[in-house]
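Structure at a glance
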Amino acid sequence: MRVVNSDAQEDTLENGYTYEVPQVDWAALQWPLSMTLDADETSPLVFAQVYEPLVTEAAGCGPGITAQLGYGPQGTSPADDPGAWFWVDADCNSDCGTCGNNDEYQATFAISLAGQYSYAYRFSMDTETTWVYAEGIGTVTVRGGGSDLEIWEIQPAFGSVLGNTAITVKGNAFVDGAVIALDSEVLATTFVDENTLSAVSLSHVGGKVEVKVTNPDEEFVSLPNGYQYLLRGTPNLDRTDEGKIEIETTSQTDWSDLFLAGENSQAATAGAW
Ligand SMILES: [Ca+2]
Ligand SMILES: [Ca+2]
């Protein structure tokens, strides 16, 4: 920045002024956070809210904000991997009565290929040059059906690094004798029906791993990042019909004292501390 007086005296301050890219101050995915669809089925409306001072406070949606809803391979980040995501423009939900100072946007998507995907919102204030990615990532399972071998979802999709987590893989065209593998480690697998397999996880270092189902004829399908080994799962604090919170320990997806002690020894062995 340079200032020049009328007597031609002047001074310059290098980097004295910063041109900032206009960005929304806050944005978050609202609802829903997960869904299951058939292939090519249009999703329910997905909502996100955004806040920008002097733009969103007034009724309706303020000018100059572009909102997009996108989906991409499950476990990928829309900010880190935007080329792998598909985006659609969202519309203003001008009827939002609970938005306060925020604006709300809505959109739908449909996905042709069966599998598990993540979805998210992003917002731009400079005609789609830079984006702010909204807080919150949704998960959608797309069922294909027909005779194709498919993985739809893993229940639960995470478990202890110690292993011994009972997992169920839902999908299509499983054959008696099919096996589940986590990170290429084949598990002793129980065939329940053509849509359901169950197994118990083995111990493994923390992180996301591929889930693979192989039928006896060697045909296989895999879901990258489909299962996550955690040092500790989040306890399920949903109340029962009687209003009680029951910590369930057999699946090891809830906390227990025994579980916590085991984690520490496992972490030490893995050299993570
Ligand atoms: Ca801003
Ligand atoms: Ca508004």
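In this text the structure is predicted, and so the values were computed from the model without any measurement.

Rules used in this analysis
- Residues numbered from 1 in each chain as written.
- Chains lettered and ligands numbered in written order.
- Predicted model: local features only at pLDDT ≥ 70, side-chain atom pairs only at ≥ 80, totals over all residues.
- Helix = DSSP H or I, 4+ residues; strand = E, 2+ residues; numbered from the N terminus.
- Buried ≥ 20, exposed ≤ 12 C-beta atoms within 10 Å, placed from the backbone.
- Contact = placed C-beta atoms within 7 Å.
- Pairing = 2+ DSSP bridges.
- Core = buried A, V, L, I, M, F, W, Y, C linked by C-beta atoms within 7 Å.
- pLDDT = per-residue confidence, 0-100.
- Axes fitted to C-alpha atoms, helices over the stretch in contact; angles between N-to-C directions.

1. Re the overall build of the protein
Regarding its fold elements, the protein presents one helix and 21 strands. Buried positions account for 29% of the 273 residues belonging to the protein. Expressed as a percentage of contacts within the protein between residues at least 6 apart in sequence, the contacts between residues at least 24 apart total 57%.

2. Topic: the sheet that holds strand β3 (residues 26–31)
Across the sheet, which stays open at both edges, the four strands sit in the order β3-β5-β9-β8 with antiparallel pairing between neighbours. Of all the strands in the sheet, the pair left with one neighbour each is β3 and β8 (91–92). With two bridges joining them, β8 and strand β9 (residues 103–107) adopt antiparallel strand pairing. Following the sheet pairing, C92 is matched in β9 by Y105.

3. Some words on the environment of S77
Relative to the helices and strands, S77 is located in the loop between β6 (66–73) and β7 (86–89). For S77, a count of 14 C-beta atoms within 10 Å gives the class partly exposed. Between the alpha carbons of S77 and Y133 there is a distance of 9.7 Å; along the sequence they are 56 residues apart.

4. What to know about the nonpolar core
One finds A27, A48, V50, A67, Y121 and F123 to be the most contacted residues of the largest nonpolar core, which totals 29 residues. Sorting the residues of this core by element identifies β3, β5 (46–51), β6, β9, β10 (115–124) and β12 (138–143) as the ones contributing at least two each. In terms of residue count, the dominant contributor to this core is β10 (five residues). The residues touching A48, leaving out its near neighbours within four places in the chain, are A27, A28, L29, Q30, A67, Y105, Y121 and A134. Among the nonpolar cores identified, the runner-up in size contains 19 residues, and L149, I151, L197 and V209 belong to it.

5. Topic: the confidence of the model for the protein
Per-chain confidence: the protein averages 87 in pLDDT, with 88% of residues scoring 70 or above. Of the regions scoring below 50 in pLDDT, residues 256–273 engages in 15 contacts with residues more than four places distant in sequence or in other chains.

6. Some thoughts on the pairing of strand β13 (residues 150–155)
Burial within β13 is extensive, with five of its six residues counted as buried. The sheet contact formed by β13 and strand β15 (residues 166–172) spans five bridges and is antiparallel. Note that in β15 the partner of Q155 across the bridge is T168.

7. A few points about the sheet that holds β13
Spatial ordering of the open sheet is given by β13-β15-β19-β18, a layout of four strands whose pairing is antiparallel. The sheet is open, and its two borders are formed by β13 and β18 (189–193), each paired with just one other strand. Neighbour-to-neighbour, the strand axes of this sheet turn through a mean angle of 25 degrees, independent of strand direction. Inspection of the sheet shows β18 paired to strand β19 (residues 196–200) by four bridges, in the antiparallel sense. Its bridge partner being in β19, D193 is matched across the sheet by T196.

8. With respect to the environment of M1
Considering the arrangement of structural elements, one finds M1 in the segment before β1 (2–4). C-alpha of M1 to C-alpha of G16: the two residues are 15 residues apart in sequence and 5.4 Å apart in space. Discounting residues that sit within four places of it in the chain, M1 has contacts with L13, G16 and Y17.

9. Quick notes on unusual backbone geometry
The amide bond that connects W31 to the next residue, P32, takes the cis arrangement and shows omega of -10 degrees. Within the secondary structure layout, P32 lies in the loop between β3 and β4 (34–38). A cis geometry characterises the amide bond from Q155 onward to P156, with omega recorded as -10 degrees. When you line up the elements, P156 lands in the loop between β13 and β14 (158–160). You will see that L54, though not glycine, has its phi angle at about 70 degrees, which is positive. Mapped onto the elements of the fold, L54 is located in the loop between β5 and β6. Residue classification places L54 among the exposed positions, given that 7 C-beta atoms sit within 10 Å. We note that E128 has phi near 70 degrees; this positive angle belongs to a residue other than glycine. Mapped onto the secondary structure, E128 falls in the loop between β10 and β11 (132–133).

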